[in-house]
Amino acid sequence: MQRHYFMALKLPDETKTKLANICNLIRNEHHFKTWVHPDDFHITLAFLGAASLEQLQKLQELLNEKMSITEGGFSLQINQFGFFGNEQHPRIFWAGVEEEHCLYTLQKQVAYVCEEVGFQLDKRPYAPHITLARKHIESDCNSLNSQQWWRRFGENIRFQADEVVIYETHIEKQPKYHVLHSYSV
């Protein structure tokens, strides 16, 4: 099976635990086909897809040379829930972070390096989020309101963003993302 790769901001364990606790509360009332394993919570910076060993090595070299944002990282705050896809049966349930200039700068840096290595990246505007669940299967459509969910279940969670990783996807495992390489920001 061919592996896929992506670059992401790794979340601290404490943040993952808090999000997992919130998901457990929501899960009791709202049903999705798949809930993301807490160890797999992250903020994607660039989806790479399939990659050769040579591409991955070149990517690691360039990231080692060019990765720099702020010493010790930067602070982010989870402050909302949202859905991607049809509002009645969303594909993705996510947690969002408040806008932070450093995150967008980091994403642009990572995207530049990835494109320099030859990866074809998504051209849509960057929308930082943490995927919590996929494929809504509940029949009660009246309860699908991310703002109401936030007011009921949400919690502003502040964390230090200080680690960027290259993840390798293992679809057949749980958790399914394996850290291939890590970088401090």
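Here, the structure is the one placed above.
Attention in this report is confined to the structure presented alongside it. All figures in this text were calculated on a predicted structure; none of them were measured in a lab. (Residues numbered from 1 in each chain as written. Predicted model: local features only at pLDDT ≥ 70, side-chain atom pairs only at ≥ 80, totals over all residues. Heavy atoms only, no water.)

Focus on the nonpolar core
Okay, step 1: Counting residues in each nonpolar core, the largest one holds 55 residues, and the members touching the most others are Met 7, Leu 59, Phe 81 and Phe 93.
Okay, step 2: Excluding residues within four positions of it along the chain, Met 7 makes contact with Thr 44, Leu 45, Ala 46, Leu 48, Leu 59, Leu 63, Val 110, Cys 114, Val 164, Val 165 and Ile 166.
Okay, step 3: Listed in part, the five residues of the second largest apolar core include Phe 6, Ala 8, Val 165 and Tyr 167. (Core = buried A, V, L, I, M, F, W, Y, C linked by side-chain atoms within 4.5 Å. Buried < 20%, exposed > 50% of the residue type's maximum accessible area, 1.4 Å probe, protein only. Contact = heavy atoms within 4.5 Å.)

Some points on the side chain of Asp 40
Okay, step 1: By the element assignment, Asp 40 lies in the loop between strand 2 (32-35) and strand 3 (42-49).
Okay, step 2: No salt bridge is formed by the buried Asp 40. Its closest oppositely charged neighbour is Lys 176, at 6.1 Å.
Okay, step 3: Looking at Asp 40, its side chain comes within polar contact range of the main-chain nitrogen of Tyr 177, at 3.1 Å.
Okay, step 4: Beyond its immediate chain neighbours, meaning those up to four positions away, Asp 40 contacts Gln 174, Pro 175, Lys 176 and Tyr 177. (Helix = DSSP H or I, 4+ residues; strand = E, 2+ residues; numbered from the N terminus. Lys, Arg positive; Asp, Glu negative; His and termini not counted. Salt bridge = Lys/Arg side-chain N within 4 Å of Asp/Glu carboxyl O. Polar contact = N/O pair within 3.5 Å; in protein donor to acceptor, adjacent residues only side chain to side chain.)

A few points about the sheet that holds strand 4 (residues 74-84)
Where strands meet in a sheet, backbone hydrogen bonds hold them as pairs that are either parallel or antiparallel.
Okay, step 1: An order of 2-6-5-4-7 is seen for the five strands of this open sheet, with the pairing classed as antiparallel. Edge strands, defined here as strands with exactly one partner in the open sheet, are strand 2 and strand 7 (157-161). When the angles between neighbouring strand axes are averaged without regard to direction, this sheet yields 35°.
Okay, step 2: Pairing between strand 5 (residues 92-97) and strand 6 (residues 129-136): five bridges, direction antiparallel. By the bridge assignment for strand 6, Phe 93 is matched with Ala 133.
Okay, step 3: Strands strand 2, strand 4, strand 5, strand 6 and strand 7 of the sheet are contacted by helix 1 (residues 13-27), whose axis makes an angle of about 145° with strand 7. (Pairing = 2+ DSSP bridges. Axes fitted to C-alpha atoms, helices over the stretch in contact; angles between N-to-C directions.)

The quantities given are spatial measurements derived from coordinates; they are silent on function.
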